[in-house]
Amino acid sequence: MSVKRVTVNYFRKMKEEGKRFSTLTAYDALTASILDEAGIDLVLVGDSLGNVFQGRETTIPVTLDHMIYHGEIVSRSVSRAFVVVDMPFMSFQVSVEDAVRNAGRIMQESGCHAVKLEGGVRTSSQISAIVSTGIPVLGHVGLTPQSVHAFGGYGVRGKDSPDALIEDALAVQEAGAFGVVLEKIPRSLAKRITETLTIPTIGIGAGPHCDGQVIVIADLLGLFKKFKPSFVRRYAELADTISDAVTNYKRDVEDGSFPDDSESYD
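It should be emphasised that the depicted structure is a prediction, and the values quoted were computed from it without experimental measurement.

K.L.:
Whenever I open this one, the packing of aromatic side chains confuses me. Can you help?
P.N.:
Note on aromatic pairs: each is described by the distance of the centres and the angle between the planes. Scanning the model with the defined rule gives 6 aromatic pairs in all. With a centroid separation of 5.8 Å and an interplanar angle of 65 degrees, the aromatic rings of Tyr249 and Phe258 are classed as edge-to-face. Judged by its relative accessible area of 38%, Phe258 is partly exposed. A cation over a ring is seen here: Arg80 above Tyr10, with NZ or CZ 5.8 Å from the ring centre. A cation over a ring is seen here: Arg157 above Phe151, with NZ or CZ 3.8 Å from the ring centre.

In structure tokens, the structure reads:
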């Protein structure tokens, strides 16, 4: 029996019915297929791959080709989930024409279902132009990691200027985006934005009132030992599990107990 693919209409209906939906990041085939089989609704190929996959300090070095490469892998590894690929730094900021061209490349070459780009009022023209070509867009306001140097860090956004953030969210909606990510903002402000917008909101560090939630898969699995964002709930501690497994393997190789007869051919 074929599996029914999640579409933008699914997220609209979930918001209308007051139901929550789940989002997680993925950058490889194995992870993407596991998330899909588990019923995750939206799989985000985030430029967070710069931190998680490439080991970089920020997302800024991530290129369009990087995103297309990982987006193609994830897109062909799922059968139900809606796949969104991030537009990386400088792939949409220079001009509307660049934004449309690069969004088209992502869609055509990765096989994903939508693109995501950061910014509200300042990128509304890009969102509108991309949407007008038939490409679904997910917006992203609040803390936008590609602007980390302009912000001076990764602090909470919207405390001092909540109205500006609401204006950003409304601009994303008016430009035609099917949804918007709210990152690292006060939960009261996220609630207000969620109640104001007709499109669904997806929170990350934005409290419990958003229509959906997203976290980075490596955070959920406890793969980071040195850093844990305060808004993350770890559902596993795989860094410890993997370390133990590797240590045991090393021991067995060194003492000659691996491989044994059952793990060898006659």
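K.L.:
Explain the environment of Glu17 to me, please; I cannot follow it from the model alone.
P.N.:
Secondary-structure assignment places Glu17 in the loop between α1 (8–16) and β1 (21–25). Linking Glu17 and Asp41, residues 24 residues apart in sequence, is a C-alpha distance of 16 Å.

K.L.:
Can you walk me through the environment of Ile130 in this structure?
P.N.:
Inspection of the secondary structure assignment puts Ile130 in helix α6 (residues 124–132). You can call Ile130 buried: its relative accessible area is 0%. On a C-alpha basis, the gap between Ile130 and Arg233 in space is 34 Å, while along the polypeptide they are 103 residues apart.

K.L.:
Help me out: how do you make sense of the nonpolar core in this one?
P.N.:
The nonpolar side chains of a soluble globular protein tend to be buried, and buried together. Counting residues in each nonpolar core, the largest one holds 52 residues, and the members touching the most others are Met87, Ile106, Val115, Ile130, Leu182, Ile185 and Ile193. Judged by nonpolar contacts, the second largest core, of 16 residues, contains Phe21, Leu42, Phe178 and Ile204.

K.L.:
Looking at this structure, I do not really get a nonpolar patch on the surface. What am I missing?
P.N.:
Judged by side-chain polarity, Phe89, Met90 and Val94 come together as a nonpolar surface patch covering roughly 260 Å² of accessible area. Topologically, Phe89 is positioned in the loop between β3 (82–86) and α5 (96–110). Overall, the relative accessible area of 31% leaves Phe89 in the partly exposed class.

K.L.:
What's the story with the pattern of salt bridges in this structure? I'm lost.
P.N.:
Close approach of charged atoms allows side chains with opposite charge to pair. Per the counting criterion, the structure on display carries 13 salt bridges. A salt bridge links Asp211 to Lys15; the nearest nitrogen and oxygen atoms lie 2.8 Å apart. With a gap of 196 residues between them, Asp211 in the loop between β7 (201–204) and β8 (212–215) and Lys15 in helix α1 connect regions that are remote in the sequence. The exposure classification of Asp211 matches that of Lys15, with both residues buried. Overlapping salt bridges, with partners in common, bring together Asp65, Arg105 and Glu109 in one network.

About the criteria used
Residues numbered from 1 in each chain as written. Predicted model: local features only at pLDDT ≥ 70, side-chain atom pairs only at ≥ 80, totals over all residues. Heavy atoms only, no water. Phe/Tyr/Trp six-rings, centres within 6.5 Å; stacked < 30°, edge-to-face > 60°. Buried < 20%, exposed > 50% of the residue type's maximum accessible area, 1.4 Å probe, protein only. Lys NZ or Arg CZ within 6 Å of the ring centre and 35° of its normal. Helix = DSSP H or I, 4+ residues; strand = E, 2+ residues; numbered from the N terminus. Core = buried A, V, L, I, M, F, W, Y, C linked by side-chain atoms within 4.5 Å. Patch = residues over 30% accessible without salt bridge, like charges linked within 9 Å, V, L, I, M, F, W, Y side chains within 5 Å. Areas by Shrake-Rupley, 256 points an atom, 1.4 Å probe, with all protein chains shown as cover. Salt bridge = Lys/Arg side-chain N within 4 Å of Asp/Glu carboxyl O.

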